[in-house]
Amino acid sequence: MQRVRGKLDRMPSTQLTDFLRSKIDVLDEDRKEMVGVFGKTGAGKSSLINAILGKTKLLPSGNQGACTSVMIQVEANMINEKYIAEIEFITVQDWKDELWSILRVKSGEEEEDEDKEIDVEDGDEDDHKIKALYGKEGHGKNVEELMDKKLFEIPEFYSSCKKKFLCDTAEELSKKIACYVLSDSNSDTFERMYWPLVKCLTIKVPNCKDLLEHVVLVDLPGNGDCNKSRDTMWKSFIGNCSVVWIVSDISRAISEKESWEILDSTVSLFGPGGECRSISFICTKTDDIEESAKDNARSIILTRNEITKKKVRDKFNKQKDVKKHFSDAESFKVFTVSSKKYNMEKQSELDEKAEEWLNALYDTEIPLLQDFLRNLNDHHTRTSDYISGVDGILSLIQAARNSDMTNSKEEVCQALEQKLADNLKCIVQYMEKPYNAFDQCLSKGVQQSEDSCEKLMNKVWKKCRGQYGIVRCLCENNGIYKPKGKKKKRKEINVNESLASCMRTCIDEEFTYFFPNDKCGPIRKKIEDFTLDTNSLVEKHKSVSLHLKFLNTEEKKLKTQLIRDLLDKKKQIYFTLPDSIKDSMHVSYTNASMHKGKGSLQRMKDELHLNMNKANIFRKAKKDMMDGLTKLKDHMVMQLKYKLEESIRMSLHTPNSSFLPDVTEDYNKIKELMVCSSTIPVTTTLYPRTELQYQTVEGETNVQEPRIITSQHIRRPTYRLQFPEAGLFQCGLTGLVFEMAGKGDVRVKMSQWDTSVLGSMTPAGPLFSISCPAVLQLHLPHCMCDDEEVLSVAHFTGGTMEIVKPLKTTASHVVVNIPNPSLVGLIRCGLSTLPVQSRVLLFLCPHGNTNQKGMLNVFLLPKNVPTYEVEHQQKGSTFIQTSSECTLSPGRKYGLFCKMVDYNIHLKSRMFDGDFSPNFLPTFQVNLECISDAKNMNLTLLDRETNDQKVWECVVQTG
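Residues numbered from 1 in each chain as written. Predicted model: local features only at pLDDT ≥ 70, side-chain atom pairs only at ≥ 80, totals over all residues. Heavy atoms only, no water.

1. Description of the overall build of the chain
When its secondary structure is counted, the chain shows 30 helices and 35 strands. The 959 residues of the chain split such that 54% are buried. Across the chain, the fraction of contacts at a sequence separation of at least 24, relative to all contacts at a separation of at least 6, is 78%. Working note: accessible area of the chain is about 44200 Å², and carbon and sulfur atoms make up 48% of it. (Helix = DSSP H or I, 4+ residues; strand = E, 2+ residues; numbered from the N terminus. Buried < 20%, exposed > 50% of the residue type's maximum accessible area, 1.4 Å probe, protein only. Contact = heavy atoms within 4.5 Å. Areas by Shrake-Rupley, 256 points an atom, 1.4 Å probe, with all protein chains shown as cover.)

2. Observations regarding the pairing of strand E7 (residues 198-205)
Counting buried positions along E7 yields seven of eight residues, so the element is predominantly enclosed. By the bridge criterion, six bridges tie strand E3 (residues 71-76) to E7 in an arrangement that is parallel. If you follow Val74 over to E7, its bridge partner there is Ile203. Note: strand E4 (residues 83-89) against E7, six bridges, orientation antiparallel. Bridge pairing in E7 places Glu86 opposite Thr202. (Pairing = 2+ DSSP bridges.)

3. Focus on the packing of helix H3 (residues 45-53) against helix H16 (residues 366-377)
In a pair of packed helices, the angle between the axes and the distance between the axes together describe the arrangement. Contact geometry of H3 with H16 gives a least axis separation of 9 Å together with a crossing angle of 75 degrees. By the angle between their axes, H3 is roughly perpendicular relative to H16. The segment H3 lies against H16, with Leu48, Ala51 and Ile52 engaging Ile366, Leu369, Gln370 and Leu373. Within the contact of H3 with H16, the residues separate by chemical class into six nonpolar, one polar and no charged. (Axes fitted to C-alpha atoms, helices over the stretch in contact; angles between N-to-C directions. Parallel < 35°, antiparallel > 145°, perpendicular 65-115°, else oblique. Nonpolar A, V, L, I, M, F, W, Y, C, P; charged D, E, K, R; others polar.)

4. A word on the sheet that holds strand E17 (residues 737-740)
Pairing in this open sheet of five strands is antiparallel, and the strands run E16-E17-E20-E24-E23 from one edge to the other. Edge positions in the sheet fall to strand E16 (727-730) and strand E23 (808-809), since each has one partner strand and no second. As paired strands, E16 and E17 are joined by four bridges and run antiparallel to one another. By the bridge assignment, Gly727 is partnered in E17 with Met740.

5. Re helix H22 (residues 495-514)
The terminal C-alpha atoms of H22, which comprises 20 residues, lie 27 Å apart, in line with the 28 Å expected from a rise of 1.5 Å per residue. The largest bend in H22 is about 50 degrees, located at Ser501. N-cap assignment for H22: the residue whose side-chain oxygen lies 3.0 Å from the backbone N of Asn496 is Asn494. (Expected span 1.5 Å × (residues − 1). Bend = angle between axes of the 7 residues up to and from the residue. Polar contact = N/O pair within 3.5 Å; in protein donor to acceptor, adjacent residues only side chain to side chain.)

6. A closer look at the side chain of Asp508
With respect to the helices and strands, Asp508 occurs in helix H22. Once residues within four sequence positions are removed from consideration, Asp508 is found in contact with Lys324, His325 and Tyr574.

Structural data, given as structure tokens:
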């Protein structure tokens, strides 16, 4: 699009050209998914990130103690092959203020109240900071002397610039950044460490596009920082996390309090006050076992892993405050990993014992976390969205060049403007629901807060333990006290949060309902349901079809942005209550901090209580939150109204603009790209699998089996076929047959059909993505019963679809000559109701961690759908081997009859659609809980359109 942008830049500025430029400029905007990685020093966070990225020496780790204050972002370098580090420092004034605070405490210069208890400030962390940065030279110096540039020279710190390193290797970069992130307290010789000055470190890693193109890993300390700028950034990072990883040594995963306290203390930041959709608890160092147990190491490790996973899940289910916001089972996952073992296996050679090697690799579960990131990265969806946006802009340029103002345009404008007005009215009316619900809950919360204000403050004073220094710190920092040094083990004291707690409790349920993170809430649903319904106007007004296509893409982009805005604004709304109370109490905090001398502790308390009673802080907090909801509604309505009105005006009220550049070539290229935009590129990872027998090739002799290695990609598997020589080979997992010209490797993966490009044709088999350089002929398995059914092969390459006529069709396969296959699948003319060879697949899905029987998933699928694809998507379920073959007719309804000794179940009839999508859903589900006494169950599939004729039957053991 830069070429199109350049053409527009050379043209005179008009409303339309300026509008088009602005649309092109926002195409590349990318908001990345953020993964927050928490864990105490020594838990193995750095080693974990290094292993996932395949860069064993990237983040410094080992015997040195990692600094707990430095936040480290890891993202992809999309520009070149260099390893880049960018170090952002706190400001000079921030460090000066921190030094002043450290030295004031060390010298005992704080004004004391004679009634106060003695507060022994251990100051370990403060001493550590001085020692790290200044060594012995810092001893006995005052603030001005310590700020002398001669003591340490970092030009970027004094000039408020970022310090940058560019390196050729990960190891080289690691050495350069070590002094900015590590604290080598055990060193006999002094080496200056700059971590006390570092606010954030960003590392950009080359060659990790599949993991980090749209994802950022952030290594975060478990709690905030006394430094205000670092603390603000820390809270911002947590609030923006889509995923939270809690990392803990497996030997201490249950007993160690710190990991669970991180969850408890930060849940309000990444939960209702953030946008986190899932939490993963990652147990590290799983290979760390007793020397005496190493003879049976694998069995012992895997057993311990499963036991630990269950215990972690059980403990998570007891975390009431966290479960309140993350109740869905899919929102919490447990991984047991060994970075050390993974690195060892990756460095070893793939020999004849490939299955053992791959088993060992996947036992470490690092590949599962890599798949997790690939799925989160979702390169395919981002690319499709970009192409769709480009298509809309080019459509508008093409339309504007070739159309004049017509009656059709006026009619379409009126229809769209009416539709817009109706939709906006609907949104305004709906937003009364959350407004009224919050109004009622907050009114209750205000009353409770006013009634229990004294009790709430007494709890705060109890946490302060009568210490003058803590209370004064609260007042000096707007009601917030952050422990430091060894005191960090204590929890933060926040007066504003405490005072807001009653109101928070009253709105929690409604807030989670209207603003959930892990699913589509009702307000988001209203945005998604909003539509101008441009497609319904295309048929009647074909002359403006390109204009309507542009409006359709603009509507989608605007709704996506509004959903993004909804997340941001709900975070602001959630923190309105404590923020409002802090503002109301600001003058009181300032006045209280001025009290000194005898009795000052009590006078500070009295000052705060007096202001609370006078300022109506709770009623003001309620008003501010209600105002936030009103602003959210106004923002949604205004954005939809003005931006869509502008787009309608620019696309349909603009006269002929033949002066615009000719973008026909670009437009046609985008159309080609859109043909294949729904297919997902192959990402190869290896995983062993027992080979399954597929239907043999009819009429062929001497058909060999290639060596098969499959992946466990989080979305769908990749098959790697190894052919030792020329010949005819059949893959036992997919049924594909390859006539090879010589030795070679082939990679195969199921992809998603885009039926919009097939015209009157329909899929007759899976769409395979194939990388095969030396194939002479390709045999694709079919499922047809009728010899007269005419099948063809669709071959997608270079953005176009070619329909290939088969060389021959056997009873089992369609044979074609495609020397360099790319995306290949069987197609047929129109919708057919002729019967096809099919399978009934059964999977027993367990019921959580209980001993209950769970659910029986029943799939009706064409025979040429690979069974392993369904097995892969039914991970955690048991595949029940049975006589599965039958004949079914697409479009016909079938019912499942379940017969026990004294209990029968008739399931609702379902239509067999002959689905070839790679995402399979069960046709029937049988809840086994209601038949707990039955030992066996007889399943019968009935054709509802032929007087319940039996088409398949089997007996399943349930007891």
